[in-house]
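Topology and contacts: notes
What follows is each chain in one-letter form.
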Amino acid sequence: MAPSMTILGIESSCDDTAAAVVRLDGAAKIMSSVVYGQTDLHADFGGVVPEIAARAHAEKLDHCVEDALLEAGVALADLDGIAVTAGPGLIGGVLSGVMCAKGLSAATGLPLIGVNHLAGHALTPRLTDDVPFPYLMLLVSGGHCQFLIVNGPDDFTRLGGTIDDAPGEAFDKTARILGLPQPGGPSVENAAEKGDPKRFQLPKPLLDRPGCDMSFSGLKTAMLRARDAVVAEKGGLRHQDQADLCAGFQAVVTAVLVEKSRRAIEVYLALNPEQPTFAVAGGVAANGAIRRGLQVLCETHDVAFTAPPLALCTDNAAMIAYAGLTRLAVGDVDDLTLSARPRWPLDPTATPMLGSGKKGAKA
Ligand code: KG4
Ligand code: ZN
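Since we're looking at a predicted model, the values are computed, not measured. (Residues numbered from 1 in each chain as written. Chains lettered and ligands numbered in written order. Predicted model: local features only at pLDDT ≥ 70, side-chain atom pairs only at ≥ 80, totals over all residues. Heavy atoms only, no water.)

Another aspect to go through is unusual backbone geometry. Omega for the bond connecting Gly87 with Pro88 falls within 30 degrees of zero, at -15°, which places this linkage in the cis form. Mapped onto the fold, Pro88 is located in the loop between β4 (81-87) and α3 (91-108). Looking along the chain, the bond that leaves Gln182 and enters Pro183 is cis, with omega of -5°. Within the fold, Pro183 resides in the loop between α5 (167-177) and α6 (184-192). The phi dihedral of Asn272 falls on the positive side, at around 55°, and the residue is not glycine. (Helix = DSSP H or I, 4+ residues; strand = E, 2+ residues; numbered from the N terminus.)

Here it is in structure tokens:
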């Protein structure tokens, strides 16, 4: 690797406009990481509205890049490259980022690197903890849910993933139908603390089938039915009903993620990795019950458990900059013909995912 390289990263594939500067000087260092969220813009619509997201990205991207450069104390002339999320994601947002990066590249002559958003997430444990290859990764958020063996910077084996919704979507929907505030994950987790997870019989989708694929859309429907049954019986929802429903839901999601992770660990350990490591990332990884379940599972199998800090688990541009650096370091760059890809699986040999939830294409 070159002695020192500094790169700008740009991310706009969903509802976060982000820019970051990362420097590789022996180790990788995040010089700045700026994220402009859009939660307020989408709050009234019960999900991310692609057109609103794209317009907000187009309006905010150049300010966000300016902030990231300023915070890092660097100018465009100090950079060695520009990395941008080129997919997968909501196409309007991805296009905004790619056009911004192309403009900067054309104006400065700096190399352009189109990064796969999922590779950004998947390589984050290297940026934060220098985790050795191959490691097992669970990406679990409002937009993603998949198991990957990360063999190298550009070599991923997908072991399975959701065939419909991501768990974060199910948390958000559960909160909505129970009248709890968004984002649903923290509200459901709080309510679940005082609940009885055994009161409601909820399905554990795809647990009876072999493999690591998951499904969460049926669970959303089951939650709706359970709520309707309580309302029909009691004329409304009490706090205890909300708590019991949340506890039951969270217990099912935890059980499914833990069991599917157990299977993924089995496949991964068969590769005899020298320092077996299981990394989890994404907003849902913030959930205490899920985290504890995965931690215990890893202890049982003698596998190290790691979770990047939340700001680097959720969408950000530092991960895009870092993934770009790994490509730039080996001279693997794109040019101005780079196009945005709404779907872009990390493992081209894996069965394509059909799901496309409220946050866009899964891969
Ligand atoms: O990674 P993220 O910030 O954005 C993307 O989806 O890309 O993840 C957001 C998701 C939301 O669906 C939110 O409800 C969920 O992560 N989440 C949680 C918790 N905190 C956030 N889910 C369960 N428990 C939590 N404590
Ligand atoms: Zn993401």
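Moving on, we get to the coordination of the zinc ion (ligand 2). Those protein atoms acting as donors to the zinc ion (ligand 2) are His117 (NE2), His121 (NE2), His144 (NE2) and Asp315 (OD), and they sit at 2.1 to 2.3 Å. For the zinc ion (ligand 2), the 4 donor atoms in the first shell make angles of 88 to 160° at the metal, so the coordination geometry reads as irregular. Motif for the zinc ion (ligand 2), donor spacing along one chain: H-x3-H-x22-H-x170-D. Of this pair, His117 sits in helix α4 (residues 117-129) while Asp315 sits in the loop between α10 (310-313) and α11 (318-328), and the two are 198 residues apart along the sequence. The class of His117 is buried, set by a relative accessible area of 1%. Assessed through its relative accessible area of 14%, Asp315 is described here as buried. (Donors = N, O, S within 2.8 Å, 3.2 Å for Na, K, Ca; no water. Tetrahedral: all angles 85-135°; square planar, octahedral: opposite > 155°, others 65-115°. Buried < 20%, exposed > 50% of the residue type's maximum accessible area, 1.4 Å probe, protein only.)

In this model, the chain carries a mean pLDDT of 92, and residues with pLDDT of at least 70 account for 95%. Taking the mean pLDDT of every element in the chain, the minimum, 46, falls on strand β11 (residues 356-357) and the maximum, 98, on strand β1 (residues 5-11). (pLDDT = per-residue confidence, 0-100.)

Before going further, it helps to examine the pattern of salt bridges. By the definition in use, this model includes 11 salt bridges. As a salt-bridge pair, Arg55 and Glu51 come within 2.8 Å of each other at their nearest N and O atoms. With a gap of 4 residues between them, Arg55 and Glu51 both fall in helix α2 (residues 50-72), about one helical turn apart. Taking the relative accessible area as the measure of exposure, Arg55 reaches 54% and is therefore exposed. For Glu51, a relative accessible area of 46% translates into the label partly exposed. The closest approach of N and O atoms between Glu259 and Arg263, which form a salt bridge, is 2.8 Å. Here Glu259 and its partner Arg263 are both found in helix α8 (residues 239-269), 4 residues apart, which amounts to about one turn of the helix. Residue classification places Arg263 among the buried positions, given a relative accessible area of 13%. (Salt bridge = Lys/Arg side-chain N within 4 Å of Asp/Glu carboxyl O.)

It is worth spelling out the sheet that holds strand β6 (residues 135-140) at this point. Taken together, 5 strands build an open sheet; the order of strands is β8-β7-β6-β9-β10 and the sheet is mixed. The open sheet has two free edges, formed respectively by β8 (155-161) and β10 (304-306), since each of these has just one partner strand. Across this sheet, the average inter-strand angle for adjacent strands is 20°, counted without regard to direction. Taken together, the 6 bridges between β6 and strand β7 (residues 145-152) define a ladder with antiparallel strand orientation. Bridge assignment links Met137 to a residue of β7, and that residue is Leu148. The sheet strands contacting α4 are β6, β7, β8, β9 (277-281) and β10, and the helix crosses β6 at an angle near 125°. The strands touched by helix α9 (residues 288-300) are β6, β9 and β10; relative to β10, the strand with the most contacts, the crossing angle is about 155°. (Pairing = 2+ DSSP bridges. Axes fitted to C-alpha atoms, helices over the stretch in contact; angles between N-to-C directions. Contact = heavy atoms within 4.5 Å.)

Moving on to α3. An α-helix turns once per 3.6 residues; consequently, residues spaced three or four apart project the same way. For α3, built from 18 residues, the straight-helix expectation of 26 Å at 1.5 Å per residue is met to within 8% by its first-to-last C-alpha distance of 25 Å. Of all the positions in α3, only Gly93, Val94, Ser96, Gly97, Val98, Cys100, Ala101, Lys102, Leu104 and Ser105 are classed as buried. Lining the buried residues of α3 we find β1, α2, β4 and β5 (112-116). Of the residues trailing α3, Gly109 is marked for its positive phi of about 80°. (Expected span 1.5 Å × (residues − 1).)

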